[in-house]
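Examining the three-dimensional arrangement
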Amino acid sequence: MLKYVLRRLAYSLILVVLASVFIFALTRARGDPRYMYLEDAYITQERWDAWGREMGLDKPIVVQYLIWASKAARGNFGESQVNRRDAWGLVGERLPATLQLSGVAYVLVVLVSVPLGVMAAVKRGTVVDLIGRTFALLGQATPTFWLGLMMILLFAVYLGWFPTSGRGGLASYVLPGITLASGSIAASLRLIRTSMLEVLDSEYIKFARAKGVSSNLVIWKHALRNSLLVPLTYFGLLFAAFMTGTVVVETIFAWPGVGRLAIEAVFNNDFPVVSAVVIFFVLVYAVTSLMVDLLYAVADPRIRYG
């Protein structure tokens, strides 16, 4: 088990290092980094050279990367070129809004997709199964940006039930939460249904039914418990996907989260903030993937002892 944990931890560290190399390469692909911070139309050559020494541009490219990476490891990505504030601090300020929205969407996915997926598998071939598969098909085929705009138009503009945008009371979480969760509900519903169908056809489920075990106990305890091994990876990575995939939803609903911060930084060519956001997204995926691997090893002894 320890060897498995260390191997997965090494993979996560390699992922973060490769992402940092990619981001650093982008800073140099744009040309001299000093131009990004240049405010005045004229600067003396002495000041230009001194600026280069301060930024380590007079050193080999490998040394420049090590200097940049050491600062990034301490959360120092430089100042935002727009408001002259610490880039990593801006990510921290926007993080609570994204966490709250992702949490709402995650709860919606679990509460809706699990019972619908189980019922679609148990009632396969019936109207319930047809409704579930149709819902899953429409959910995955509907673009997120279109769904968000239509929900604003119908429920916020025409009916006036919810606010059109912004982060306020509980009502402001409804439309962006549903929009963010819609595609994942459809995907997880289909995944749970397929996994449940496979488990329900297994011999030990037939044996439990033959022994007279109640249908509810067979479905919700034995079948569902064993069928969740397959969707475990998806549900584990789902929260990370919400954390890093809120760009469109946060932009549509003017949600003050990390995703909207990334869009604003890209439009303003604010490279320190873009670097901080990308590294944050990579860390979220790396940590979440590591946790999923460990949970999978706990749930399935074949992985732990393989």
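Residues numbered from 1 in each chain as written. Predicted model: local features only at pLDDT ≥ 70, side-chain atom pairs only at ≥ 80, totals over all residues. Heavy atoms only, no water.

**So, helix α12 (residues 258–267)**
The α-helix advances 3.6 residues per turn, and as a result positions three or four apart in sequence lie on the same side. Those residues of α12 lying buried are Val258, Gly259, Leu261, Ala262 and Ala265. Across the axial projection of α12, the buried residues extend over an arc of 160°, all falling on one side. (Buried < 20%, exposed > 50% of the residue type's maximum accessible area, 1.4 Å probe, protein only. Helix = DSSP H or I, 4+ residues; strand = E, 2+ residues; numbered from the N terminus. Arc of directions from axis to C-beta.)

**Some details on the packing of helix α4 (residues 87–122) against α12**
Contact geometry of α4 with α12 gives a least axis separation of 7 Å together with a crossing angle of 135°. In terms of orientation, α4 and α12 fall into the oblique class. Across the interface between the two elements, Leu90, Val91, Arg94, Leu95 and Thr98 from α4 touch Val258, Gly259, Arg260, Leu261 and Glu264 from α12. (Axes fitted to C-alpha atoms, helices over the stretch in contact; angles between N-to-C directions. Parallel < 35°, antiparallel > 145°, perpendicular 65-115°, else oblique. Contact = heavy atoms within 4.5 Å.)

**Digging into the packing of aromatic side chains**
A complete count under the given rule lists four aromatic pairs for this structure. Centroid distance Tyr173 to Trp255: 5.0 Å. Interplanar angle 75°. Geometry classified as edge-to-face. Taken together, the residues Tyr173 in the loop between α6 (144–158) and α7 (174–200) and Trp255 in the loop between α11 (247–252) and α12 connect sequence positions 82 residues apart. Across this residue pair, the class does not change: Tyr173 and Trp255 are buried. (Phe/Tyr/Trp six-rings, centres within 6.5 Å; stacked < 30°, edge-to-face > 60°.)

**Thoughts on unusual backbone geometry**
Positive phi values are uncommon outside glycine, yet Ala254 reaches one of about 50°. By the secondary structure assignment, Ala254 is in the loop between α11 and α12. Judged by relative accessible area, Ala254 falls into the partly exposed class, the value being 25%.

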